[in-house]
Amino acid sequence: MTTPGRPSIAMRGSMALAAMPGVTGEAYVRVASRAFILAFYGTMRNLRLYPFENAVVQQSLQDLLLITNELLRRESECEFRVAGEFIFVNNTRLRLDLDNYSSFSALLTQFRQNGVGTLRVLSAPATRDWTVLLGYMMNPQGTDAIERFGGLRTRLDETNVAAFEIAPLVESDEEQGGEQVEAKEKAKRTYARSVSATKEVINSVRMGQSANIKKIKRVVQGIVDQILADETSLVGLTTIRDYDDYTFTHSVNVCIFSIALGRRLALTRLQLYDLGMAALFHDIGKARVPAEIINKADVLTDEEWRAIASHPWHGVLALFSVKDQHEFPYRSMLVAFQHHMKRDLTGYPRGLRTKEMMFYSKIVACADGFDAATSRRSYQTVPMAPSSVLAEMRDNPRRGIDPVVVKAFINLLGIYPVGTFVVLDTFELGIVHAVNPDPELLSRPMVRIVSDDLGNVQFPGTVVNLADRTEPGVFARTIIKTADPDRYGIRVGDYFV
Ligand SMILES: [Fe+2]
Ligand SMILES: [Fe+2]
């Protein structure tokens, strides 16, 4: 809650903006938009909780005013547009951040419910203008979005609010597949919730506090249920690789991959719960290794390397010292201990008694190896292409991944996993959108075209099926090679949120 005299979060955001004279263009719009979304969400929440005259409401309205006016002054335009799952501010698409997830989706929902596609701020609005607009959006009149939109327009006219111009929402063909959008939404919620719960637990272990294991169990069950109902949505989300949040997104990704793999390897639902818990905490021991060593970009000294290589041991100890330790399946400890051992036990730690890695450890080792090699981290600024990692895991026995597990993994992800950036024989560029359901056609996935043959970037681009033929025996498009999206200025994650 905001106390008088103390700036609210959004306010601090806008003050930061005022102190950012050097920041211009897209970077400025991104920061300003974040502050706007926070203020918009905060004002709505406060209006719901307190009467209009309340100081808290007034404060958040002031924040909203300040940010909008600042945006207008610096950019000379201020336009919010909603399209499908995206929010654009002055034509810059905002990145969905795991931290701003709730405010981001609240704004999206408000716009959608009211059938508003675009909100343009024409001139510096007054507090009253915002109150009229938000008041209506929170209590709209009408049974569907079109009716509600008409109602909002009338309300703005009748109350002489001229600071805003609104335009209706236009849903594209692709987005009208309601069920599909719903499944994607659900997957995103599950993913964001999983990352924040994992963050909580890992941070408490780091600080030696007790963690809420029941909550994390529910998270893992949520992932299992979602994968059993719809495998592709969650697996697709593992391509959002958030650099700062690597520790947490890595844990969640390994958990998702492991559960999807376990399912393909015929594990039961209960076994998948256990496997998921083990996968989510496979690296818990890293919480006990100094962060400077974990994040070091340079070559490690012997001593530092020993510290990293001790994380499997620390993992076992950390799991033993968790308060509700009995809630952790015993296999979690084995997975934490064994996941770097490699199939021929040449990895670390050198097992004194281990004869063979446990099955769960083999699954987690495969998921872990893939996610680690394809992610960007402080010491790996250029991640490997997903398809090369898969080929390497399959063909190089020194990687130490079990061949049966790798085979199942390739069947799950396709030869070109979702998120792979590819160059086509038509000179178009694309991002693999989904695996071809026909296992005979693993090299012909569904691809989202993100740049045409002349190099014009397309957003959100259209999805094509590489199995489509122009005439019998002739495919319309074929992958020539994979490439580094950075070289083309494309951020793969932008096409998946
Ligand atoms: Fe590890
Ligand atoms: Fe790991």
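Presented here is a report on the structure given in the accompanying data block. (Residues numbered from 1 in each chain as written. Chains lettered and ligands numbered in written order. Predicted model: local features only at pLDDT ≥ 70, side-chain atom pairs only at ≥ 80, totals over all residues. Heavy atoms only, no water.)

### Focus on the overall build of the protein
So, point 1. Within the protein, the secondary structure is distributed over 18 helices and 12 strands.
So, point 2. Buried positions account for 52% of the 497 residues belonging to the protein.
So, point 3. Long-range pairs, those at least 24 residues apart, make up 66% of the contacts in the protein between residues at least 6 apart in sequence. (Helix = DSSP H or I, 4+ residues; strand = E, 2+ residues; numbered from the N terminus. Buried < 20%, exposed > 50% of the residue type's maximum accessible area, 1.4 Å probe, protein only. Contact = heavy atoms within 4.5 Å.)

### Digging into the coordination of the iron ion (ligand 1)
So, point 1. Bound to the iron ion (ligand 1) on the protein side are Asp283 (OD), His311 (NE2), His339 (NE2) and His340 (NE2), at distances that span 2.1 to 2.3 Å.
So, point 2. Sequence spacing of the donors to the iron ion (ligand 1): D-x27-H-x27-H-H.
So, point 3. A separation of 3.6 Å is found between the iron ion (ligand 1) and the iron ion (ligand 2), both of which receive a donor from Asp283. One end of the pair, Asp283, is in the loop between α11 (269-280) and α12 (291-294); the other, His339, is in the loop between α15 (330-338) and α16 (359-374), and 56 residues separate them in sequence.
So, point 4. Asp283 gets classed as buried once you look at its relative accessible area, which sits at 11%. (Donors = N, O, S within 2.8 Å, 3.2 Å for Na, K, Ca; no water.)

### Some points on the side chain of Ser194
So, point 1. Checked against the element boundaries, Ser194 lands in helix α7 (residues 178-206).
So, point 2. Setting aside residues no more than four positions away along its own chain, Ser194 makes contact with Val219, Ile223 and Val252.

### Let's talk about the coordination of the iron ion (ligand 2)
So, point 1. Around the iron ion (ligand 2), the protein contributes the donor atoms His250 (NE2), His282 (NE2), Asp283 (OD) and Asp368 (OD), at 2.1 to 2.4 Å from the metal centre.
So, point 2. Considered as a linear motif, the donors of the iron ion (ligand 2) on their single chain read H-x31-H-D-x84-D.

### Quick word on helix α6 (residues 145-158)
Structurally, the α-helix is built with 3.6 residues per turn, so residues lying three or four positions apart point the same way.
So, point 1. Over its 14 residues, α6 runs 20 Å from end to end, which matches the ideal 20 Å to within 8%, given 1.5 Å per residue.
So, point 2. Packing partners of the buried residues in α6 comprise α4 (101-113), β4 (116-121), α5 (127-138) and β5 (164-168).
So, point 3. Looking one or two residues past α6, Asn160 carries a phi angle of roughly 55°, positive in sign. (Expected span 1.5 Å × (residues − 1).)

### Notes on the nonpolar core
So, point 1. Met393 and Phe409 are the most contacted members of the largest nonpolar core, which has 71 residues in total.
So, point 2. Looking at this core element by element, the count peaks at 9 residues for helix α10 (residues 246-264).
So, point 3. Ignoring anything within four residues of it in the chain, the contact list for Met393 reads Cys366, Gly369, Phe370, Arg399, Ile401, Val406 and Phe409. (Core = buried A, V, L, I, M, F, W, Y, C linked by side-chain atoms within 4.5 Å.)

### Points about the pairing of β4
So, point 1. In terms of burial, β4 is largely enclosed, as 5 of its 6 residues are buried.
So, point 2. Bridge analysis of strand β1 (residues 79-83) against β4 gives 3 bridges, and the strand direction is antiparallel. If you follow Arg81 over to β4, its bridge partner there is Thr118.
So, point 3. Direction of pairing for β4 relative to β5: antiparallel, over a ladder of 5 bridges. In the sheet register, Leu119 faces β5, and the bridge partner there is Ile166. (Pairing = 2+ DSSP bridges.)

### Quick look at the pairing of strand β7 (residues 429-434)
So, point 1. With respect to burial, β7 is a largely interior element, 5 of its 6 residues being buried.
So, point 2. The pairing of strand β6 (residues 421-424) with β7 spans 3 bridges and is classified as antiparallel. By the bridge assignment, Phe421 is partnered in β7 with Ile431.
So, point 3. Counting the residues between successive antiparallel strands, the hairpin from β6 to β7 contains 4 residues, one of them, Phe427, with a positive phi of roughly 75°.
So, point 4. Relative to strand β8 (residues 446-451), β7 is paired through 5 bridges, and the arrangement is antiparallel. The residue of β8 that forms the bridge with Gly430 is Ile449.

### Considerations on the pattern of salt bridges
So, point 1. With the rule as written, the count across this model stands at 14 salt bridges.
So, point 2. Among the salt bridges present, the one from Asp283 reaches Lys286, with a minimum N-O distance of 3.6 Å.
So, point 3. Put simply, Lys362 and Asp402 hold a salt bridge, and the shortest N to O gap is 3.4 Å. Taken together, the residues span a long stretch of sequence, with Lys362 in helix α16 and Asp402 in the loop between α17 (386-395) and α18 (403-413) at a distance of 40 residues.
So, point 4. For Lys362, a relative accessible area of 12% corresponds to the buried category.
So, point 5. Using a relative accessible area of 11% as the deciding quantity, one classes Asp402 as buried.
So, point 6. Each of the salt bridges in this network shares a partner with another, and the network as a whole consists of Arg343, Glu356, Lys362 and Asp402. (Salt bridge = Lys/Arg side-chain N within 4 Å of Asp/Glu carboxyl O.)

### Examining helix α14 (residues 311-321)
So, point 1. For α14, the full list of buried residues reads His311, Pro312, Gly315, Val316, Ala318 and Leu319. For α14, the angular spread of buried residues about the axis comes to 165°, placing them on one side. (Arc of directions from axis to C-beta.)

### Looking at the sheet that holds β5
So, point 1. If you trace the 5 strands from one edge of the open sheet to the other, you get β3-β2-β1-β4-β5, paired in antiparallel fashion. Looking at which strands have only one partner, the edges of the open sheet turn out to be β3 (92-93) and β5.

### Observations concerning the packing of aromatic side chains
So, point 1. The full count for this structure, using the stated rule, is 14 aromatic pairs.
So, point 2. For the ring pair Phe88 and Phe459, a centre distance of 6.0 Å and an interplane angle of 80° mean the geometry is edge-to-face. Highlighted residues: Phe88 in strand β2 (residues 86-89) and Phe459 in strand β9 (residues 457-465), separated in sequence by 371 residues.
So, point 3. Of the residues examined, Phe459 reaches a relative accessible area of 33% and is grouped as partly exposed. (Phe/Tyr/Trp six-rings, centres within 6.5 Å; stacked < 30°, edge-to-face > 60°.)

### What to know about the sheet that holds β7
Two orientations exist for strands paired in a sheet by backbone hydrogen bonds: parallel and antiparallel.
So, point 1. One open sheet accounts for 5 strands, arranged β9-β8-β7-β6-β12; its pairing is antiparallel. The sheet is open, and its two borders are formed by β9 and β12 (479-482), each paired with just one other strand. Each strand of the sheet is rotated relative to its neighbour by a mean of 35°, with strand direction disregarded. (Axes fitted to C-alpha atoms, helices over the stretch in contact; angles between N-to-C directions.)

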